[in-house]
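The primary structure of each chain is shown beneath.
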Amino acid sequence: MNKRSIEEKIDLTVHWLREMVEQSKTKGLVVGISGGIDSALVAYLIKKAFPENSLGVILPCKSNPEDKEDALKVAKGCGIKHIEIELSDVHNALLDNIVNIMKTEDLFNDNNFRLSDANLRARLRMSTIYCVANSLNYLVVGTDNAAEVYTGYFTKYGDGGVDIMPIANLQKREVYEWARYLGVAESVLKRPPSAGLWEGQTDEKEMGTTYDCVDDLVAGKDIPQRDKEIIEKLHIRSEHKRKMPEKPLVF
Ligand SMILES: Nc1ncnc2c1ncn2[C@@H]1O[C@H](COP(=O)(O)OP(=O)(O)OC[C@H]2O[C@@H]([n+]3cccc(C(=O)O)c3)[C@H](O)[C@@H]2O)[C@@H](O)[C@H]1O
Ligand SMILES: Nc1ncnc2c1ncn2[C@@H]1O[C@H](COP(=O)(O)OP(=O)(O)OP(=O)(O)O)[C@@H](O)[C@H]1O
Ligand SMILES: [Mg+2]
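- In the annotation of an unreviewed UniProt entry, the protein is listed under the name NH(3)-dependent NAD(+) synthetase and assigned to Marinisporobacter balticus.
- Its UniProt record, at the heading Subunit (unreviewed entry), says of the protein: "Homodimer."
- Recorded in UniProt for the protein, the comment headed Function (unreviewed entry) runs: "Catalyzes the ATP-dependent amidation of deamido-NAD to form NAD. Uses ammonia as a nitrogen source."

This is how it looks when you write it as structure tokens:
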């Protein structure tokens, strides 16, 4: 039984973050701050680990203006240095180009293009954060929690493209507990988890199950059969996201 208090677990995580930077001979840590709970917690943690050498990057990409308000509340709340880089125009230009060229070659398929568009947003954010990280010699810090890792609910090489994942072993409900303990703003704690990749998107609507169910299943508890089937399907389908790319056997 793990009887450590939240405070002790946070201290251990902060210590681990410092170790990661030391081992990698880098200088600090950077995270994308969305206005959601996962990046809020990570921003608070990296600011604790590196009060001077931590950075939050706010990256609106056709986003709801409320996201930015909450992202700013997070940055102000923990006092992390932050910058904002607007990606909407870049996304529009790149997407138009891709669509036009695919159409010219008769390769464009409207089905499911919403997901391609959405994943491009996550990958533009990843590229932008790496550009900042390279120039500062910082590590890119991921925000995926245990439920997202298990279900593969992230964009491969998008928000999944990171150097270290300090909350990857935390259940979603623990993310809330830690965030509340650290004093994250109420509006951030209250907003439904969303990738914000299209209007009205919420994680639970898209996954077809709840974080409570995913947390319970990952913890080995019993959950309704219907939810179990959905989650196991997501888990199996996303196996490739948790591994290095396949390569042929040596011959
Ligand atoms: N078996 C296999 N072996 C190796 N690679 C395989 C593969 N099957 C697909 N692939 C590759 O993977 C790609 C599909 O994966 P991917 O591109 O990730 O796309 P996909 O998993 O289809 O979509 C990403 C999901 O994550 C959600 N998301 C994204 C970003 C943030 C958040 C959030 O919570 O904030 C959530 C998003 O809403 C969506 O449901 C395929 O296009 C293909 O290239
Ligand atoms: N507008 C944004 N600006 C900066 N980073 C972003 C933005 N949108 C998404 N991200 C990055 O992508 C990550 C994945 O998003 P995700 O929605 O899973 O987490 P969250 O928004 O922090 O929390 P929640 O799951 O509660 O919405 C974010 O934690 C953040 O690091
Ligand atoms: Mg979000």
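**With respect to the UniProt feature "binding site: Mg(2+)" (unreviewed entry) in the protein**
Stage number 1. Residues given the UniProt feature "binding site: Mg(2+)" (unreviewed entry) here are Asp38 and Glu148. With the annotated positions falling across 111 residues, the maximum pairwise C-alpha distance of 10.6 Å places them together in a single cluster.
Stage number 2. By the C-beta count within 10 Å, which is 21 here, aspartate 38 ends up buried.
Stage number 3. In this structure, aspartate 38 is in contact with Thr143, Asn145, Ile167 and Val175, ignoring residues within four places of it in sequence.
Stage number 4. Locating glutamate 148 in the fold gives a position in helix H6 (residues 146-151).
Stage number 5. Among residues more than four places away in sequence, those in contact with glutamate 148 are Tyr153 and Phe154.

**What to know about the domain arrangement of the protein**
Stage number 1. Per the domain assignment, the segments of the protein are domain 1 (6-189) and domain 2 (201-241).
Stage number 2. Placing the centre of domain 1 and that of domain 2 at their C-alpha centroids yields a distance of 22 Å.
Stage number 3. With 11 residues of domain 1 at the interface, the matching set in domain 2 holds 13 residues.
Stage number 4. Counting residues per element, the ones that place at least two in the side of domain 1 that touches domain 2 are H6 and helix H7 (172-182).
Stage number 5. Considering only residue class, the side of domain 1 that touches domain 2 consists of four nonpolar, four polar and three charged.

**So, the site of ligand 2**
Stage number 1. Lining the immediate surroundings of ligand 2 are 22 residues, of which Gly32, Ser34, Gly36, Ser39 and Thr143 lie closest.
Stage number 2. When residues of the shell around ligand 2 are assigned to their parent elements, the largest contribution, three residues, is made by helix H2 (residues 37-49).
Stage number 3. Here the shell around ligand 2 is built from residues that sort into nine nonpolar, eight polar and five charged.

**Quick look at the sheet that holds strand S2 (residues 54-58)**
Stage number 1. The strand order S3-S2-S1-S4 describes an open sheet built from four strands, whose pairing is parallel. Of all strands in the sheet, those with a lone pairing partner are strand S3 (81-84) and strand S4 (138-140), marking the two edges. Direction aside, neighbouring strands of the sheet carry axes that sit 25 degrees apart on average.

**Some points on the UniProt feature "binding site: deamido-NAD(+)" (unreviewed entry) in the protein**
Stage number 1. Mapped onto the present numbering, the UniProt feature "binding site: deamido-NAD(+)" (unreviewed entry) falls on Arg123, Lys156, Asp163, His240 and Lys241.
Stage number 2. With respect to the secondary-structure elements, arginine 123 resides in helix H5 (residues 113-136).
Stage number 3. Residue classification places arginine 123 among the partly exposed positions, given that 19 C-beta atoms sit within 10 Å.
Stage number 4. Filtering out sequence-adjacent residues up to four positions away, arginine 123 remains in contact with Thr155, Tyr157 and Gly158.
Stage number 5. Looking at the secondary structure, you find histidine 240 in the segment after helix H11 (225-237).

Conventions used here
- Residues numbered from 1 in each chain as written.
- Chains lettered and ligands numbered in written order.
- Predicted model: local features only at pLDDT ≥ 70, side-chain atom pairs only at ≥ 80, totals over all residues.
- UniProt positions renumbered as here; feature names shortened; annotations may be inferred.
- Buried ≥ 20, exposed ≤ 12 C-beta atoms within 10 Å, placed from the backbone.
- Contact = placed C-beta atoms within 7 Å.
- Helix = DSSP H or I, 4+ residues; strand = E, 2+ residues; numbered from the N terminus.
- Domains from an automatic or database assignment.
- Nonpolar A, V, L, I, M, F, W, Y, C, P; charged D, E, K, R; others polar.
- Near = placed C-beta within 6 Å.
- Pairing = 2+ DSSP bridges.
- Axes fitted to C-alpha atoms, helices over the stretch in contact; angles between N-to-C directions.

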